[in-house]
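So the chains spell out like this:
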Amino acid sequence: MDAVLGLHHITCIAGDPQENVDFYAGVLGLRMVKRSVNQDDPTTYHLFYADAQGSPGTDLTFFPWPQLPPARLGTGLAVEVALAVPEGSLGFWGERLARYGAAVHGLESAFGERRLRLEDPHGLPLALVEVVERAFVPWDESPVPADLQVRGLHGARVWEASLVRTERFLVEVLGFVPAGEEDGWRRYTVAGGGSGCVLDVQEKPLASPGRWGVGGVHHLAWRVRDDQHQQEVRHRVAWAGVSPTPVIDRFWFKSVYFREPGGVLFELATDGPGFAVDEDLERLGTALVLPPWLEGERARIEAALPRLRYPPTLEPVP
Ligand code: ZN
């Protein structure tokens, strides 16, 4: 079976967009690789943070919807996003996060990995996980030195009311393999495992269903090589009785969406063409980029969006 290749991007819901920029580009030092709008709701930004080139597997994206209530963690929802950081860097990160007032929950260990749990300014549960080897493209203008920078998405954690159907789907449709169990979390890996290819699932039969909101994960996108690979996986998804959307052209990649049997929204996203398709690599993220069908409304859209300060200026907590 031609399995998915690991995480492509993760999309979450934020509150105030400037606070989102300040945290992800400022405190975490990621590069904003695209500043666009939600294609279904152009009055809302869609902000993309990644490594210097927006490599697939490094991209965390946000819809800032401050008017929504807070997310409710629950079943059928991703409940944590894990980012890869270099081995031995959690001391640096713990200090840096504290200096800028982030909510840090402390060090722990799981599946042989050292991890630091924290929340972003809008309550999104994050973990920084130390990894040994992880290719990425450092961002020279990051406030974080290259040898300490975030390497990309490491994995995600989801809660499910019932594990059995989700496990079967992950294994038989997407090509994951079970890779152990610890503290009630069952780990699945794909494409040989390793950083960026990890999904941890916890069965929570008594928990309420989760609900999207500020500080929640909207969807997990999995990498497919190209259009043909996407079609192959899409067919398997449809055969499994889950209804995938048609292919939607997101311009920087092509997307297919569906809910896995437990309810988590998944996407299949192609590796190409990438974020430099409509902007110079040097200028990524510095201007508002609109899909062609919205260009005619640029003036009205820009006027409705809040101004963003990027790169951000950060004040340490006294
Ligand atoms: Zn997506």
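Look a little higher up for the structure.
To start, this report covers the structure provided alongside it. (Residues numbered from 1 in each chain as written. Predicted model: local features only at pLDDT ≥ 70, side-chain atom pairs only at ≥ 80, totals over all residues. Heavy atoms only, no water.)

As for the sheet that holds strand β8 (residues 125–131)
Counted only if it meets this: Strand pairing is assigned whenever DSSP identifies at least 2 bridges connecting the two strands. A run of DSSP states H or I qualifies as a helix once it reaches four residues; a run of E qualifies as a strand once it reaches two. Both are numbered from the N-terminal end. Only the stretch in contact is used when a helix axis is fitted, and all axes are lines through C-alpha atoms; the angle between N-to-C directions ranges over 0 to 180 degrees. Two residues qualify as a contact provided that any one of their heavy atoms is within 4.5 Å of a heavy atom in the partner residue.
Judged by pairing direction, the sheet is mixed, and its 8 strands sit side by side in the order β6-β7-β8-β5-β9-β12-β11-β10 without closing on themselves. The strands lining the two open edges of the sheet, one partner per strand, are β6 (103–110) and β10 (177–182). Averaged over all neighbouring strand pairs, the angle between strand axes comes to 25°, with direction disregarded. Here strand β5 (residues 77–86) runs beside β8; their pairing, made up of 6 bridges, is parallel. Pairing of V81 across the sheet is with L126, part of β8. This element, helix α3 (residues 163–174), spans β9 (152–160), β10, β11 (185–189) and β12 (198–203) of the sheet and lies at about 15° to β11.

Considerations on the environment of L97
Secondary-structure assignment places L97 in helix α2 (residues 90–99). C-alpha separation for the pair L97 and P316, spaced 219 residues apart in sequence, amounts to 9.6 Å. Setting aside its immediate chain neighbours within four residues, L97 contacts F23, V27, L28, A102, V104, L116, L118 and L128.

Observations concerning the pattern of salt bridges
For the record, the criterion: The working definition used for a salt bridge is a side-chain nitrogen of Lys or Arg within 4 Å of a carboxyl oxygen of Asp or Glu. With a 1.4 Å probe rolled over the protein chains alone, any residue whose accessible area is under 20% of its type maximum counts as buried; one over 50% counts as exposed, and the rest are partly exposed.
In the structure shown here, the tally under the stated rule is 20 salt bridges. In this structure, the salt-bridge partner of D22 is R309, at a minimum N-O distance of 3.5 Å. One end of the pair, D22, is in helix α1 (residues 17–27); the other, R309, is in the segment after α5 (298–304), with 287 residues separating them in the sequence. Note on D22: relative accessible area 16%, which makes it buried. The class for R309 is partly exposed, based on a relative accessible area of 41%. For E167, the salt bridge identified is with R186, shortest N-O distance 3.0 Å. Of this pair, E167 sits in helix α3 while R186 sits in strand β11, and the two are 19 residues apart along the sequence. Overall, the relative accessible area of 21% leaves E167 in the partly exposed class. What makes R186 partly exposed here is its relative accessible area of 25%.

Some details on the coordination of the zinc ion
Threshold: Metal donors: N, O and S atoms at distances within 2.8 Å, or within 3.2 Å for Na, K and Ca, with water omitted from the atom set so that some sites may seem incomplete.
Here the zinc ion is held by the protein donor atoms H9 (NE2), H219 (NE2) and E267 (OE), which lie 1.9 to 2.0 Å from it. If you list the donors of the zinc ion from N- to C-terminus, the spacing comes out as H-x209-H-x47-E. Remark: H219 occurs in strand β13 (residues 217–224) and H9 occurs in strand β1 (residues 7–14); sequence separation between them is 210 residues.

Regarding the nonpolar core
Just so we agree on the cut-off: Residues belong to a common nonpolar core when they are buried Ala, Val, Leu, Ile, Met, Phe, Trp, Tyr or Cys residues joined through side-chain atoms within 4.5 Å.
If you look at the biggest cluster of nonpolar residues, it comprises 72 residues, and the most contacted ones within it are I10, Y24, L174, L199 and L220. The residues contacting L220, other than those within four sequence positions of it, are H9, I10, A78, A156, V158, L199, V264, L265, F266 and E267. In this structure, V33, A221, A269 and F275 belong to the second largest nonpolar core, which totals 10 residues.

Focus on the packing of aromatic side chains
The following threshold applies: In this scheme Phe, Tyr and Trp rings, the latter by its six-membered ring, pair at centre separations within 6.5 Å, and the angle between planes marks the pair as stacked below 30 degrees, edge-to-face above 60, and tilted otherwise.
For the coordinates displayed, the defined rule picks out 14 aromatic pairs. Residues F23 and Y24 carry aromatic rings whose centres are separated by 4.9 Å and whose planes lie at 85° to one another, so their mutual orientation is edge-to-face. Residue classification places F23 among the buried positions, given a relative accessible area of 4%. Exposure remark for Y24: the relative accessible area of 0% places this residue in the buried category.

Notes on the packing of α1 against α2
What counts, and what does not: Should an angle fall under 35 degrees it is taken as roughly parallel, and over 145 as roughly antiparallel, whereas 65 to 115 is taken as roughly perpendicular and any remaining angle as oblique. Less than a right angle of anticlockwise turn of the near helix away from the far helix marks a crossing as left-handed, whereas a clockwise turn marks it as right-handed.
One way to put it is that α1 packs onto α2 with a least axis distance of 12 Å and a crossing angle of 150°. When the axes of α1 and α2 are compared, the pair comes out roughly antiparallel. Crossing of α1 against α2: the hand is right-handed. When α1 is examined against α2, the residues F23, G26 and V27 are found in contact with a partner set consisting of W93, R96 and L97.

Observations concerning the side chain of H9
For clarity, the threshold we go by: Identification of polar contacts relies on pairs of N or O atoms within 3.5 Å, with a donor-acceptor requirement for protein atoms, meaning one able to donate a hydrogen and the other able to accept it, and with residues adjacent in sequence counted only if both atoms are side-chain atoms.
Residue H9 is classed as buried on the basis of its relative accessible area, which comes to 2%. For H9, the side chain forms a polar contact with the side chain of H219, separated by 3.5 Å. Here E267 takes part through its side chain, which lies 3.0 Å from a polar atom of the side chain of H9. Beyond its immediate sequence surroundings of up to four residues, H9 is in contact with D59, T61, L153, H219, L220, A221, F253, E267 and A269.

Topic: the packing of α3 against helix α4 (residues 227–239)
For clarity, the cut-off: Under this grouping Gly is polar, as are all residues other than the nonpolar Ala, Val, Leu, Ile, Met, Phe, Trp, Tyr, Cys and Pro and the charged Asp, Glu, Lys and Arg.
Contact geometry for α3 and α4: axes closest at 9 Å, N-to-C directions at 140°. Regarding the angle of α3 to α4, the classification is oblique. Of the two possible hands of crossing, α3 and α4 adopt the one that is right-handed. Residues F169, E172, V173 and L174 of α3 lie in contact with α4, whose contacting residues are V233, R236 and V237. For the contact of α3 with α4, a count of residues per class yields 5 nonpolar, no polar and 2 charged.

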